[in-house]
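Listed here are the chains, written in short residue letters.
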Amino acid sequence: MSIYSRTFTANLRTLLTRSPPCLPLISQLFLPKTSARVPLICANSKKLNCRVKSSMAEFATEKGKGKVRVFGTEEAMAVSLAKHTADLSDKFAKERGAFTVVVSGGSLIKSLRKLVEAPYIDSVDWSKWHVFWVDERVVPKDHEDSNYKLAYDDFLSVVPIPTGNVYAINDALSAEGAADDYETCVKHLVKINKIDFSQASGFPKFDLMLLGMGPDGHIASLFPGHPLVQENKQWVSFIENSPKPPPRRITFTFPVINSSANVALVVAGAEKADAVNVVLGDGQNSELLPVQMVSPEGELTWFLDRGAASKL
Ligand SMILES: O=C(O)[C@H](O)[C@@H](O)[C@H](O)[C@H](O)COP(=O)(O)O
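Source: prediction; values computed, not measured.

## A look at the pattern of salt bridges
Here is step 1: Using the criterion set out here, one finds 16 salt bridges in the structure.
Here is step 2: Between D153 and K149 there is a salt bridge; the shortest N-O distance is 2.7 Å. Here the residue D153 and the residue K149 both occupy positions in helix α5 (residues 147–156), the gap between them amounting to four residues, near one helical turn.
Here is step 3: A residue is classified by how much of its surface remains accessible, and K149, at 19% relative accessible area, is buried.
Here is step 4: We note a salt bridge from K311 to D274, for which the minimum N-O separation is 2.8 Å.

See below:
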(Lines give C-alpha, C1' and ligand atoms only; values in the text may rest on other atoms or scores of the structure.)
Protein backbone atom coordinates (compact mmCIF):
# COMPACT_ATOMS: atom_id res chain seq x y z
CA MET A 1 0.00 0.00 0.00
CA SER A 2 1.42 3.38 -0.96
CA ILE A 3 1.86 5.72 1.95
CA TYR A 4 0.20 8.36 -0.18
CA SER A 5 -3.03 6.46 -0.73
CA ARG A 6 -6.36 7.46 0.73
CA THR A 7 -6.41 4.29 2.83
CA PHE A 8 -3.03 5.11 4.26
CA THR A 9 -4.22 8.59 5.15
CA ALA A 10 -7.25 7.17 6.91
CA ASN A 11 -5.10 4.60 8.71
CA LEU A 12 -2.64 7.26 9.67
CA ARG A 13 -5.41 9.34 11.09
CA THR A 14 -6.57 6.41 13.19
CA LEU A 15 -3.01 5.72 14.27
CA LEU A 16 -2.44 9.31 15.25
CA THR A 17 -5.56 9.48 17.33
CA ARG A 18 -4.92 6.10 19.04
CA SER A 19 -1.16 5.77 19.33
CA PRO A 20 -0.11 6.94 22.81
CA PRO A 21 3.20 8.59 21.75
CA CYS A 22 1.44 10.83 19.22
CA LEU A 23 -1.77 11.40 21.09
CA PRO A 24 -0.81 14.40 23.18
CA LEU A 25 0.79 16.22 20.29
CA ILE A 26 -1.27 15.65 17.19
CA SER A 27 -4.32 17.78 17.64
CA GLN A 28 -6.29 17.64 14.41
CA LEU A 29 -6.20 16.59 10.79
CA PHE A 30 -8.77 17.98 8.42
CA LEU A 31 -9.47 16.08 5.26
CA PRO A 32 -11.13 17.87 2.35
CA LYS A 33 -9.82 19.23 -0.98
CA THR A 34 -6.12 19.38 -1.94
CA SER A 35 -2.89 17.59 -1.14
CA ALA A 36 0.10 18.94 0.69
CA ARG A 37 3.23 17.10 1.68
CA VAL A 38 3.75 17.81 5.34
CA PRO A 39 5.82 16.15 8.02
CA LEU A 40 4.11 14.86 11.12
CA ILE A 41 6.41 14.94 14.07
CA CYS A 42 5.38 12.70 16.94
CA ALA A 43 6.30 12.79 20.60
CA ASN A 44 9.15 10.37 19.98
CA SER A 45 10.55 12.93 17.51
CA LYS A 46 10.38 10.50 14.57
CA LYS A 47 9.37 12.40 11.49
CA LEU A 48 6.77 10.69 9.39
CA ASN A 49 6.53 12.17 5.91
CA CYS A 50 3.23 11.53 4.21
CA ARG A 51 0.88 13.17 1.76
CA VAL A 52 -2.09 14.35 3.71
CA LYS A 53 -5.23 14.75 1.65
CA SER A 54 -6.23 18.07 3.05
CA SER A 55 -6.62 21.76 2.46
CA MET A 56 -5.38 22.26 5.96
CA ALA A 57 -3.28 20.08 8.21
CA GLU A 58 -2.45 20.90 11.77
CA PHE A 59 0.19 19.14 13.79
CA ALA A 60 2.40 19.73 16.75
CA THR A 61 6.18 19.71 16.61
CA GLU A 62 8.79 18.78 19.12
CA LYS A 63 8.58 20.68 22.40
CA GLY A 64 9.16 24.38 22.05
CA LYS A 65 8.65 24.63 18.29
CA GLY A 66 4.92 25.10 18.51
CA LYS A 67 1.86 24.02 16.65
CA VAL A 68 2.03 24.13 12.85
CA ARG A 69 -0.86 24.78 10.51
CA VAL A 70 -0.27 24.23 6.81
CA PHE A 71 -2.76 25.52 4.24
CA GLY A 72 -3.22 24.81 0.56
CA THR A 73 -3.46 28.53 -0.20
CA GLU A 74 -2.57 31.89 1.36
CA GLU A 75 -6.32 32.64 1.26
CA ALA A 76 -7.10 29.64 3.49
CA MET A 77 -4.27 30.68 5.78
CA ALA A 78 -5.73 34.20 6.09
CA VAL A 79 -9.17 32.76 6.98
CA SER A 80 -7.69 30.66 9.78
CA LEU A 81 -5.51 33.51 11.03
CA ALA A 82 -8.57 35.74 11.36
CA LYS A 83 -10.38 33.13 13.47
CA HIS A 84 -7.32 32.52 15.63
CA THR A 85 -6.94 36.26 16.29
CA ALA A 86 -10.67 36.80 16.92
CA ASP A 87 -10.78 33.85 19.36
CA LEU A 88 -7.84 35.25 21.32
CA SER A 89 -9.41 38.70 21.26
CA ASP A 90 -12.57 37.24 22.87
CA LYS A 91 -10.59 35.33 25.45
CA PHE A 92 -8.40 38.22 26.59
CA ALA A 93 -11.18 40.83 26.42
CA LYS A 94 -13.15 38.62 28.83
CA GLU A 95 -10.22 37.67 31.06
CA ARG A 96 -8.31 40.94 31.21
CA GLY A 97 -10.67 43.56 29.82
CA ALA A 98 -7.99 44.36 27.22
CA PHE A 99 -6.31 42.65 24.29
CA THR A 100 -2.72 43.68 23.56
CA VAL A 101 -1.78 42.87 19.97
CA VAL A 102 1.63 43.37 18.41
CA VAL A 103 1.94 43.42 14.62
CA SER A 104 4.91 43.34 12.27
CA GLY A 105 5.23 45.06 8.93
CA GLY A 106 5.44 43.36 5.56
CA SER A 107 2.86 40.95 4.21
CA LEU A 108 1.42 40.19 7.66
CA ILE A 109 -1.01 43.09 7.41
CA LYS A 110 -2.39 41.74 4.13
CA SER A 111 -2.76 38.32 5.76
CA LEU A 112 -5.00 39.95 8.40
CA ARG A 113 -7.50 41.09 5.76
CA LYS A 114 -10.20 38.55 6.74
CA LEU A 115 -10.38 40.09 10.20
CA VAL A 116 -11.82 43.29 8.79
CA GLU A 117 -14.59 41.42 7.00
CA ALA A 118 -17.79 39.73 8.21
CA PRO A 119 -18.26 38.20 10.70
CA TYR A 120 -15.29 39.58 12.66
CA ILE A 121 -15.67 43.23 11.74
CA ASP A 122 -18.88 43.20 13.81
CA SER A 123 -18.22 40.42 16.34
CA VAL A 124 -14.78 41.47 17.65
CA ASP A 125 -14.81 43.92 20.55
CA TRP A 126 -12.40 46.37 18.96
CA SER A 127 -12.70 48.77 21.91
CA LYS A 128 -10.56 46.34 23.93
CA TRP A 129 -7.71 46.26 21.41
CA HIS A 130 -4.35 47.89 22.11
CA VAL A 131 -2.09 47.80 19.07
CA PHE A 132 1.73 47.88 19.05
CA TRP A 133 4.47 47.26 16.49
CA VAL A 134 7.09 44.58 17.00
CA ASP A 135 9.30 46.73 14.83
CA GLU A 136 8.95 50.02 13.06
CA ARG A 137 10.93 51.80 10.43
CA VAL A 138 12.09 55.23 11.65
CA VAL A 139 10.42 57.31 8.94
CA PRO A 140 7.50 59.76 9.06
CA LYS A 141 4.15 58.08 9.70
CA ASP A 142 2.88 59.03 6.27
CA HIS A 143 5.96 57.59 4.50
CA GLU A 144 5.50 54.60 2.19
CA ASP A 145 7.97 52.59 4.33
CA SER A 146 6.11 53.19 7.60
CA ASN A 147 4.68 50.07 9.22
CA TYR A 148 2.14 52.32 10.94
CA LYS A 149 0.94 53.61 7.55
CA LEU A 150 0.75 50.06 6.20
CA ALA A 151 -1.35 48.90 9.13
CA TYR A 152 -3.44 52.08 9.14
CA ASP A 153 -4.31 52.00 5.45
CA ASP A 154 -5.37 48.36 5.30
CA PHE A 155 -6.49 47.58 8.83
CA LEU A 156 -6.67 50.28 11.50
CA SER A 157 -8.64 52.75 9.39
CA VAL A 158 -11.34 50.11 8.89
CA VAL A 159 -11.95 48.99 12.49
CA PRO A 160 -13.19 51.04 15.47
CA ILE A 161 -10.11 50.73 17.69
CA PRO A 162 -9.93 53.86 19.86
CA THR A 163 -7.17 56.14 18.52
CA GLY A 164 -5.57 56.30 21.98
CA ASN A 165 -5.12 52.52 21.93
CA VAL A 166 -2.86 52.60 18.88
CA TYR A 167 0.76 53.00 19.95
CA ALA A 168 2.80 54.32 17.04
CA ILE A 169 6.40 55.47 17.45
CA ASN A 170 7.35 59.13 17.81
CA ASP A 171 8.56 59.75 14.27
CA ALA A 172 10.17 63.08 15.20
CA LEU A 173 12.95 61.33 17.11
CA SER A 174 16.16 59.56 16.12
CA ALA A 175 16.13 55.74 16.04
CA GLU A 176 17.68 55.62 19.52
CA GLY A 177 15.26 58.26 20.84
CA ALA A 178 12.26 56.51 19.32
CA ALA A 179 13.29 53.18 20.89
CA ASP A 180 13.68 54.80 24.34
CA ASP A 181 10.39 56.60 23.96
CA TYR A 182 8.58 53.39 22.93
CA GLU A 183 10.07 51.48 25.85
CA THR A 184 8.93 54.23 28.24
CA CYS A 185 5.42 54.01 26.80
CA VAL A 186 5.32 50.21 27.20
CA LYS A 187 6.66 50.49 30.79
CA HIS A 188 3.87 52.91 31.65
CA LEU A 189 1.24 50.57 30.19
CA VAL A 190 2.67 47.66 32.20
CA LYS A 191 2.54 49.82 35.34
CA ILE A 192 -1.15 50.57 34.87
CA ASN A 193 -1.80 46.88 34.01
CA LYS A 194 -2.89 47.55 30.46
CA ILE A 195 -0.08 45.27 29.28
CA ASP A 196 0.43 42.09 31.29
CA PHE A 197 3.82 41.39 32.90
CA SER A 198 5.73 38.13 33.04
CA GLN A 199 6.87 37.43 36.58
CA ALA A 200 9.01 34.64 35.17
CA SER A 201 11.06 36.80 32.81
CA GLY A 202 10.58 40.34 34.16
CA PHE A 203 9.49 41.51 30.70
CA PRO A 204 6.11 42.64 29.34
CA LYS A 205 3.79 39.84 28.33
CA PHE A 206 1.76 40.76 25.26
CA ASP A 207 -1.41 38.78 24.61
CA LEU A 208 -0.65 38.14 20.93
CA MET A 209 2.30 38.84 18.66
CA LEU A 210 1.63 38.47 14.94
CA LEU A 211 4.99 38.08 13.25
CA GLY A 212 6.10 37.77 9.66
CA MET A 213 9.43 36.24 8.70
CA GLY A 214 11.91 37.23 6.00
CA PRO A 215 13.47 34.70 3.59
CA ASP A 216 16.72 35.02 5.60
CA GLY A 217 14.92 33.92 8.77
CA HIS A 218 14.69 37.37 10.37
CA ILE A 219 11.74 38.36 12.47
CA ALA A 220 10.91 41.86 13.69
CA SER A 221 14.14 43.84 12.99
CA LEU A 222 16.28 41.05 14.43
CA PHE A 223 18.52 39.94 11.58
CA PRO A 224 20.85 36.92 11.26
CA GLY A 225 24.30 37.64 12.64
CA HIS A 226 23.38 41.06 14.06
CA PRO A 227 24.36 41.65 17.72
CA LEU A 228 20.83 42.88 18.47
CA VAL A 229 19.58 39.29 18.50
CA GLN A 230 21.55 38.82 21.74
CA GLU A 231 20.08 41.88 23.52
CA ASN A 232 18.70 40.65 26.82
CA LYS A 233 18.15 43.75 28.95
CA GLN A 234 16.37 46.38 26.89
CA TRP A 235 12.72 45.99 25.97
CA VAL A 236 13.00 48.05 22.79
CA SER A 237 16.20 48.60 20.86
CA PHE A 238 17.24 50.26 17.62
CA ILE A 239 19.22 49.42 14.51
CA GLU A 240 20.77 51.86 12.06
CA ASN A 241 22.20 49.38 9.56
CA SER A 242 19.28 47.10 8.82
CA PRO A 243 20.12 44.81 5.88
CA LYS A 244 16.48 45.14 4.81
CA PRO A 245 15.74 48.75 3.87
CA PRO A 246 15.10 51.23 5.31
CA PRO A 247 18.20 51.10 7.54
CA ARG A 248 16.89 52.83 10.68
CA ARG A 249 14.38 50.88 12.73
CA ILE A 250 13.31 50.13 16.27
CA THR A 251 12.41 46.65 17.45
CA PHE A 252 11.20 44.67 20.41
CA THR A 253 13.99 42.44 21.70
CA PHE A 254 13.88 38.66 22.06
CA PRO A 255 13.09 38.62 25.80
CA VAL A 256 9.93 40.65 25.07
CA ILE A 257 8.93 38.49 22.11
CA ASN A 258 9.53 35.32 24.11
CA SER A 259 7.54 36.51 27.13
CA SER A 260 4.37 36.65 25.01
CA ALA A 261 1.24 34.70 25.86
CA ASN A 262 0.79 33.87 22.15
CA VAL A 263 2.97 34.21 19.09
CA ALA A 264 1.70 33.56 15.57
CA LEU A 265 4.39 33.17 12.91
CA VAL A 266 2.68 33.90 9.61
CA VAL A 267 4.73 32.79 6.63
CA ALA A 268 3.64 32.58 2.99
CA GLY A 269 5.62 32.01 -0.17
CA ALA A 270 8.14 29.50 -1.52
CA GLU A 271 11.03 31.95 -1.08
CA LYS A 272 10.71 31.34 2.67
CA ALA A 273 10.65 27.54 2.44
CA ASP A 274 14.38 27.11 3.20
CA ALA A 275 14.21 29.07 6.46
CA VAL A 276 11.01 27.25 7.46
CA ASN A 277 12.76 23.95 6.78
CA VAL A 278 15.68 24.94 9.02
CA VAL A 279 13.30 25.52 11.93
CA LEU A 280 10.72 22.79 11.37
CA GLY A 281 12.33 20.28 9.07
CA ASP A 282 15.72 18.85 8.13
CA GLY A 283 17.26 22.08 6.83
CA GLN A 284 20.67 23.14 8.08
CA ASN A 285 22.19 26.58 8.49
CA SER A 286 25.67 27.52 9.67
CA GLU A 287 24.33 29.96 12.24
CA LEU A 288 21.18 30.07 14.31
CA LEU A 289 18.44 31.97 12.48
CA PRO A 290 16.55 34.59 14.52
CA VAL A 291 13.30 32.74 13.81
CA GLN A 292 14.79 29.69 15.54
CA MET A 293 15.07 31.77 18.71
CA VAL A 294 11.30 32.32 18.91
CA SER A 295 10.20 30.30 21.91
CA PRO A 296 7.45 32.05 23.83
CA GLU A 297 6.38 31.41 27.40
CA GLY A 298 2.90 30.83 25.98
CA GLU A 299 1.72 29.29 22.69
CA LEU A 300 3.54 29.41 19.39
CA THR A 301 1.45 28.77 16.28
CA TRP A 302 2.83 28.67 12.75
CA PHE A 303 0.59 29.61 9.83
CA LEU A 304 2.18 28.37 6.62
CA ASP A 305 0.90 28.30 3.07
CA ARG A 306 1.82 25.50 0.68
CA GLY A 307 4.82 27.42 -0.71
CA ALA A 308 6.34 28.14 2.70
CA ALA A 309 5.88 24.48 3.70
CA SER A 310 7.11 23.10 0.38
CA LYS A 311 10.51 21.89 1.65
CA LEU A 312 9.21 20.15 4.75
O1 LIG B 1 9.04 45.90 9.05
C2 LIG B 1 9.53 44.87 8.69
O3 LIG B 1 10.33 44.81 7.75
C4 LIG B 1 9.16 43.65 9.41
O5 LIG B 1 8.36 43.72 10.49
C6 LIG B 1 9.81 42.38 9.08
O7 LIG B 1 10.25 41.62 10.15
C8 LIG B 1 8.80 41.59 8.23
O9 LIG B 1 7.77 41.08 9.04
C10 LIG B 1 9.50 40.47 7.52
O11 LIG B 1 10.54 40.99 6.76
C12 LIG B 1 8.57 39.72 6.62
O13 LIG B 1 8.11 40.57 5.64
P14 LIG B 1 7.24 39.99 4.44
O15 LIG B 1 6.12 39.26 5.08
O16 LIG B 1 6.78 41.18 3.66
O17 LIG B 1 8.15 39.09 3.68
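## Topic: the environment of D154
Here is step 1: Tracing the sequence through the fold places D154 in helix α5.
Here is step 2: It is 7.4 Å that separates the C-alpha atoms of D154 and K110, two residues lying 44 residues apart in sequence.
Here is step 3: Not counting the four nearest positions on each side in its chain, D154 is found in contact with I109 and V116.

## With respect to the packing of aromatic side chains
Here is step 1: According to the stated counting rule, one finds 13 aromatic pairs in the structure shown.
Here is step 2: Relative to F155, the ring of W129 has its centre 6.0 Å away and its plane inclined at 40 degrees; by these criteria the two rings are tilted. Note that W129 is positioned in strand β7 (residues 129–133) and F155 in helix α5, a separation of 26 residues in sequence. The two residues W129 and F155 agree in class, both being buried.
Here is step 3: Consider the rings of F132 and Y167, whose centres lie 4.5 Å apart with planes at 10 degrees: the pair is stacked. Remark: Y167 occurs in the loop between α5 and α6 (175–191) and F132 occurs in strand β7; sequence separation between them is 35 residues.
Here is step 4: Under the relative-accessibility criterion, F132 is labelled buried at 1%.
Here is step 5: Classification of Y167 as buried rests on a relative accessible area of 12%.
Here is step 6: Pairwise contacts between aromatic rings join F92, F99, W126, W129 and F155 into one cluster.
Here is step 7: The lysine or arginine in question, K91, covers the ring of F92, its NZ or CZ lying 4.9 Å from the ring centre.
Here is step 8: It is K187 that lies over the ring of W235; its NZ or CZ is 5.0 Å from the centre.

Definitions and cut-offs
- Residues numbered from 1 in each chain as written.
- Predicted model: local features only at pLDDT ≥ 70, side-chain atom pairs only at ≥ 80, totals over all residues.
- Heavy atoms only, no water.
- Salt bridge = Lys/Arg side-chain N within 4 Å of Asp/Glu carboxyl O.
- Helix = DSSP H or I, 4+ residues; strand = E, 2+ residues; numbered from the N terminus.
- Buried < 20%, exposed > 50% of the residue type's maximum accessible area, 1.4 Å probe, protein only.
- Contact = heavy atoms within 4.5 Å.
- Phe/Tyr/Trp six-rings, centres within 6.5 Å; stacked < 30°, edge-to-face > 60°.
- Lys NZ or Arg CZ within 6 Å of the ring centre and 35° of its normal.

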